[in-house]
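Okay, here's what each chain looks like letter by letter:
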Amino acid sequence: MTTLQAEQATENLPHEPEKATLEGRNKILGFWLFLAGEAVLFGTLFATFLTLRNQVADGPSASELFSLPITAVATLILLVSSLTSVFAIQAMHRADKKSLLTWLTVTVVLGFSFLCLEIYEFYEYVVHYGYGMTTSAFSSAFYTLVGFHGAHVIFGICWISLLIGQVAKKGLTVVTAPKVYVSAMYWHFVDVVWVFVFTVVYLLGKVVG
Amino acid sequence: MDWLTTVDHKKIATLYLIAGGFFFGIGGIEALLIRVQLWKPMNTFLNAQQFNELITMHGTTMIFLGVMPIIFAIMNAVIPLQIGARDVAFPFLNSLGFWTFLFGGLLLNLSWFMGGAPDGGWTAYAPLSSTTYSTTHGVDFYTIGLQIAGLGTLIGGINFLATIITMRAPGMSFMRMPMFTWTTFVTSAMILFAFPAITVGLVLLSFDRILGANFFNVEGGGNPVLWQHIFWIFGHPEVYILILPAFGIISEVVSTFSRKRLFGYSSMVFATILIAFLGFMVWAHHMFTTGMGPVANALFAIATMLIAVPTGIKIFNWLFTMWGGQITFNTANLFAVGFIPTFVMGGVTGVMLGSAPADYQFHDTYFVVAHFHYVIVGGLVLGLFSGLHYWWPKMFGRVLNETLGKIEFWTFIIGFHLTFFLQHFLGLIGMQRRVYTYLPNQGFDMMNVLSTIGAFLMGVGVIVFLINIYITARQPAGVENDPWEDGRTLEWSIPSPPPEYNFKQLPLVRGLDAYWKEKMAGHKEMTPAEPVGPIHMPSPTIIPFVMSVGLFIAGLGFMFTTDDFGNSFLNFMFNKYIVVIIGLGITFGSMIVHSLNDDPGWHIEPEEQGGKGVEA
Ligand code: HEM
Ligand SMILES: [Cu+2]
């Protein structure tokens, strides 16, 4: 698509471009279904974690290990990134390509900062405390649950970055709009899961022990 | 090449059928080897290790790689036609689902050639499946192969759900959907909620084995019973994922060949949903002897027995459908009618097993083996044969030979009952399951001989079916739209096999059994719901194939990360995760390529659509 065509496409955009075509609607529905499956996936991981959270063997326990300030900051960052992705979708509905791209970029940057904090946290545990996957059932469950969430964040970052490139190049069309919309759904989901992680893993671990 | 890149649901159905049939054959050979080993006491045909590998691979192969894909084959062939759609909602994902299943299955079976198959039983109970007790890479092939194959199932489930929700022809409300579409819908929903659980379970088990995690390792604080919960919260619904489509097939076949509408349609729908719901509530009936305590056992026992109620509704509705109908006993209907009493027997022994105190007696004996084969073979496999005979003309434009079909039916069903009926009694007098041999003169000897003979008879039945396919395929195609003449649903209103776009014009549905309704009103065709116009088709693509190859490579790489190959290059490639990264790179790389190239598809113009067009 030439730039000219892309400009035109952006101008004639329907109000909710993500739902303008059958493909777009199918994509959104399919994605809701996918998220339902993801919810079961994380549900099983949480159940596993809850079963094993006191099985620390001779490793440290949750209250000895975690530092709440870092995770609280991480949580804040991720929650804000959900908000910025809402701004992105609002911009899309106004057919404002520029502000859409800006907000998506902000979302990616926030996601990336979250990731850095998490990597720092894991690095501390593994390198400073020598606390790894094999230490205890608790550590296995912890790294698996939080790591799974982290992998979702990485995937989301790559995905949204790719979309930024695509929208910049091809413009905002009825083909790109559903993709952006779906990626925002994904991002909200990842954030919601983190709220549970923060509560169940960190708060519960620190407060109840 | 055409077959590697196709996204057409009808061709993908054929691919599923061939691949599923292939694995079903392997599983069958494994079953026969097991039966040869057990035909006499103290047999030395196999040793204990080989026997364990064979039962593990037999169960795993049959369930995940044999019958599931054949179900998906029938669904793919039939669902878009039954709901009046031109394809599934996501043709690309449909192809991806097939290829991940196939490569997962190939990976799993590679274990036979790479140092030993999985040997912990198809349930892979910890600690049997831990590196302490299962020292080869067998269980790694199990976890990773099933992981990749399971991905395909999940994708398929989501695809069918979306297809049925959004792609129904105008006028087809939910309560006008054919019963097979309904059961596919509910089955897909169950897949969506059950498969992620096993996904997690398989991840945890492979982390335990490969990364040294402690989920199921008691010394590190792990909990083996956790594996059982995760496995069965998937595993029990899986049984209904298998049987519900068979229920759907039987409903279609019985009503077509009784020339009557299905008795109690809405109660059938309701019963299907109820079974699915209860299916998720009863997983722990597999764990009565694990020591959950009397309260949990009682609750799970009651919930289990409740399932008999909706199932009973179904059975009676089939009987009432036949009651007073003009019944045609061709092969498809013989299998359907044979299904009913056989499945009832499986259900009755299920209620017996569902009683916790009784299960302490039955557990891990041949009684259990007899029970689940009555359900899975006597239920599902009979249902699949029925469905294949019924829809074969639609799929391939040829009716299967009836004489051979009847020979197939009788050898298979006689062989089946001979094999498994006796195993109830073997179990009751104490023959243990999963043990590679037994002592003479315990009363087991004669029944085991007969059981083995029965198994071979079933094999004969399957071979007759293959001969039938071969002979039929050599005859010219060209059956009518509606070869049974009593077709009731939309698929029978279009040519056999259907053209690439299925419906030239989407049909207008005016009631349950839409096509039958039009026929009764004296019409020969469905009333179209749209004018003739260009039809949009998705382009073929190789990307799903490449993505699955990538996963296959990554899986192999991950499995061997801790091995010492005695070769510095190989050690480097595997121990530093290079192979994993290459494999995942291929997968994600092709995903990116796919997402960057928006597929505009192509159009079939009205002139190319053949036949006479009807103005809407
Ligand atoms: C076609 C004829 C079949 C024969 C003769 C046969 C025979 C057997 C035998 C002898 C066992 C071993 C029992 C033991 O020692 O524990 C077994 C186990 C099993 N079979 Fe079959 N089978 C057949 C078909 C099927 C089918 C179609 C399925 C599923 C779709 C199936 C699923 C299983 C399962 C899940 C197990 C349990 C494996 C385990 O204990 O880990 N079988 N079968
Ligand atoms: Cu069960």
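Residues numbered from 1 in each chain as written. Chains lettered and ligands numbered in written order. Predicted model: local features only at pLDDT ≥ 70, side-chain atom pairs only at ≥ 80, totals over all residues. Heavy atoms only, no water.

Chain A is annotated in an unreviewed UniProt entry as Cytochrome (Ubi)quinol oxidase subunit III of Paenibacillus lentus. In its Subcellular location (unreviewed entry) section, the UniProt entry covering chain A states "Cell membrane". Recorded under Sequence similarities (unreviewed entry), the UniProt text for chain A is reproduced unchanged: "Belongs to the cytochrome c oxidase subunit 3 family." (UniProt positions renumbered as here; feature names shortened; annotations may be inferred.)

1. Points about helix α6 (residues 179-211) of chain B
Between its terminal C-alpha atoms α6(B) stretches 46 Å, which fits the 48 Å expected from 33 residues at 1.5 Å a residue. B:Gly212 sits one or two positions beyond α6(B) and adopts a positive phi of about 75 degrees. (Helix = DSSP H or I, 4+ residues; strand = E, 2+ residues; numbered from the N terminus. Expected span 1.5 Å × (residues − 1).)

2. What to know about the coordination of the iron atom of ligand 1
Residue and element names in this part refer to chain B. At this site the iron atom of ligand 1 is bound by His58 (NE2) and His373 (NE2), with donor distances of 2.0 Å. For the iron atom of ligand 1, the 6 donor atoms in the first shell make angles of 86 to 179 degrees at the metal, a pattern classed as octahedral. Placement of histidine 58 in helix α3 (residues 48-82) and of histidine 373 in helix α13 (residues 366-396) is noted, with a sequence separation of 315 residues between them. Using a relative accessible area of 15% as the deciding quantity, one classes histidine 58 as buried. (Donors = N, O, S within 2.8 Å, 3.2 Å for Na, K, Ca; no water. Tetrahedral: all angles 85-135°; square planar, octahedral: opposite > 155°, others 65-115°. Buried < 20%, exposed > 50% of the residue type's maximum accessible area, 1.4 Å probe, protein only.)

3. Here we look at the packing of aromatic side chains
Within this structure, the stated rule accounts for 79 aromatic pairs over all chains. Look at A:Phe31 and A:Tyr186: their rings are 6.4 Å apart centre to centre, the planes differ by 65 degrees, and that puts the pair in the edge-to-face class. One end of the pair, A:Phe31, is in helix α2 (residues 22-52); the other, A:Tyr186, is in helix α7 (residues 176-208), with 155 residues separating them in the sequence. For the residue pair A:Phe31 and A:Tyr186, the accessibility class agrees, reading buried in each case. Note that B:Arg488 overlies the ring of B:Trp516, its terminal NZ or CZ placed 4.4 Å from the centroid. (Phe/Tyr/Trp six-rings, centres within 6.5 Å; stacked < 30°, edge-to-face > 60°. Lys NZ or Arg CZ within 6 Å of the ring centre and 35° of its normal.)

4. A short note on the interface of chain A and chain B
Listed by partner, the interface residues are 33 residues for chain A and 34 residues for chain B. It is A:Asn26, A:Leu33 and A:Leu162 in chain A that bury the most area against chain B; as a group they hold 18% of the surface buried on that side. Where chain A packs against chain B, one counts 0 salt bridges. On inspection of chain A and its partner chain B, the count reaches 8 residue pairs in polar contact (both at pLDDT 80 or more). It is α2(A) that provides the largest number of residues to the side of chain A that touches chain B, a total of 16 residues. Each residue belonging to the side of chain A that touches chain B can be placed in one class, and the counts come to 17 nonpolar, 13 polar and 3 charged. (Contact = heavy atoms within 4.5 Å. Buried area = accessible area lost by both parts, 1.4 Å probe. Salt bridge = Lys/Arg side-chain N within 4 Å of Asp/Glu carboxyl O. Polar contact = N/O pair within 3.5 Å; in protein donor to acceptor, adjacent residues only side chain to side chain. Nonpolar A, V, L, I, M, F, W, Y, C, P; charged D, E, K, R; others polar.)

5. What to know about the coordination of the copper ion (ligand 2)
All names here are of chain B. For the copper ion (ligand 2), every protein donor is listed as His236 (ND1), His285 (NE2) and His286 (NE2), and the spread of their distances is 1.6 to 2.0 Å. For the copper ion (ligand 2), the single-chain donor residues occur in sequence as H-x48-H-H. Of this pair, histidine 236 sits in helix α7 (residues 224-256) while histidine 285 sits in the loop between α8 (265-279) and α9 (294-306), and the two are 49 residues apart along the sequence. The buried category is assigned to histidine 236, whose relative accessible area is 6%. Looking at histidine 285, the relative accessible area reads 13%, which means it is buried.

6. Thoughts on the site of ligand 1
Residues and elements named next belong to chain B. Near ligand 1 lie 24 residues; those nearest to it are His58, Trp122, Tyr366, His373 and Arg434. Backbone polar atom of tryptophan 122 to an oxygen atom of ligand 1: 2.9 Å apart, as the coordinates give it. Arginine 433 is positioned with one of its side-chain polar atoms (N or O) 3.2 Å from an oxygen atom of ligand 1. Contributing elements (two or more residues each) for the shell around ligand 1: α2 (9-38), α3, α13 and α15 (445-474). (Near = heavy atom within 4 Å.)

7. Observations regarding the pattern of salt bridges
A pair can form between side chains of opposite charge whenever their charged atoms are brought close. All names here are of chain B. Scanning the model with the defined rule gives 12 salt bridges over all chains in all. Here aspartate 8 ties to lysine 10 by a salt bridge, and the two come within 3.2 Å at their closest N and O atoms. Lysine 519 serves as the salt-bridge partner of aspartate 482, at 2.6 Å between the closest nitrogen and oxygen. Of this pair, aspartate 482 sits in the loop between α15 and α16 (514-520) while lysine 519 is found in helix α16, placing the two residues 37 residues apart along the sequence.

8. Considerations on the UniProt feature "domain: Heme-copper oxidase subunit III family profile" (unreviewed entry) in chain A
Taking the numbering used here, the UniProt-annotated feature "domain: Heme-copper oxidase subunit III family profile" (unreviewed entry) corresponds to residues 29-206 of chain A. Summarising residues 29-206 of chain A: 85% helix, 0% strand, and an end-to-end C-alpha distance of 39 Å.

9. Brief notes about a nonpolar patch on the surface
Residues and elements named next belong to chain B. A cluster of nonpolar side chains, Phe263, Phe316, Leu319, Phe320 and Trp323, forms an exposed patch at the surface whose accessible area comes to about 570 Å². Structurally, the position occupied by tryptophan 323 is in the loop between α10 (308-322) and α11 (331-354). Under the relative-accessibility criterion, tryptophan 323 is labelled exposed at 66%. (Patch = residues over 30% accessible without salt bridge, like charges linked within 9 Å, V, L, I, M, F, W, Y side chains within 5 Å. Areas by Shrake-Rupley, 256 points an atom, 1.4 Å probe, with all protein chains shown as cover.)

10. Topic: the side chain of B:Lys519
Residue and element names in this part refer to chain B. At 3.4 Å, the side chain of lysine 519 and the backbone oxygen of glutamate 485 are in polar contact. A distance of 2.9 Å separates a polar side-chain atom of lysine 519 from the backbone oxygen of glycine 487. Leave out the neighbours within four places in its chain, and lysine 519 touches Asp482, Glu485, Asp486 and Gly487.

11. Thoughts on the UniProt feature "transmembrane region" (unreviewed entry) in chain A
All names here are of chain A. When the UniProt feature table is mapped to this numbering, "transmembrane region" (unreviewed entry) covers residues 29-50, 70-89, 101-120, 140-164 and 185-205. Here residues 70-89 runs as 100% helix and 0% strand, with 29 Å between its end C-alpha atoms. Segment residues 140-164 splits into 100% helix and 0% strand. End C-alpha atoms: 36 Å apart.

12. Let's talk about the packing of α7(B) against α13(B)
All names here are of chain B. It is the contact of α7 with α13, at a shortest axis distance of 9 Å, that shows an interaxial angle of 45 degrees. Taken together, the axes of α7 and α13 lie oblique to each other. Here α7 runs over α13; the crossing is left-handed. Mapping the contact onto sequence places Leu242, Ile243, Ala246, Ile249, Ile250, Glu252, Val253 and Thr256 in α7 and Val375, Gly379, Leu380, Gly383, Leu384, Ser386, Gly387, Tyr390 and Trp391 in α13. Across the contact of α7 with α13, the residue classes break down as 11 nonpolar, 5 polar and 1 charged. (Axes fitted to C-alpha atoms, helices over the stretch in contact; angles between N-to-C directions. Parallel < 35°, antiparallel > 145°, perpendicular 65-115°, else oblique. Left-handed = near helix turned anticlockwise from the far one by under 90°.)

13. Some thoughts on unusual backbone geometry
Cis geometry is adopted by the peptide bond preceding B:Pro127, which originates at B:Ala126 and carries an omega value of 5 degrees. Following B:Ser496, the chain continues into B:Pro497 via a peptide bond in cis, with omega recorded as -15 degrees. Within the secondary structure layout, B:Pro497 lies in the loop between α15 and α16. Phi at A:Ala95 takes a positive value of approximately 60 degrees, unusual for a residue other than glycine. Locating A:Ala95 in the fold gives a position in the loop between α4 (68-93) and α5 (97-128). Note on A:Ala95: relative accessible area 28%, which makes it partly exposed. Phi at B:Asp513 is positive, roughly 55 degrees, even though this residue is not glycine. Relative to the helices and strands, B:Asp513 resides in the loop between α15 and α16. Given a relative accessible area of 13%, B:Asp513 falls into the buried group.

14. Let's talk about the confidence of the model for chain B
All names here are of chain B. Averaged over every residue, the pLDDT of chain B is 95; residues scoring 70 or more account for 99%. Here strand β2 (residues 602-604) stands out as the least confident element of chain B, with mean pLDDT 90; α2 is the most confident, with 98. In the predicted structure, residues 612-616 sits below a pLDDT of 50 and forms 12 contacts with residues beyond four places in sequence or in another chain. Scoring of the predicted complex yields 0.94 for pTM and 0.94 for ipTM. (pLDDT = per-residue confidence, 0-100.)

15. Brief notes about α8(B)
All names here are of chain B. A rise of 1.5 Å per residue sets the reference length of α8, with its 15 residues, at 21 Å; its end C-alpha atoms lie 21 Å apart and thus fit the reference within 8%. Among all positions of α8, only Tyr265, Met268, Val269, Ala271, Thr272, Ile275, Ala276, Leu278 and Gly279 are buried. Taken together, the buried residues of α8 touch α6, α7, α9 and α10.

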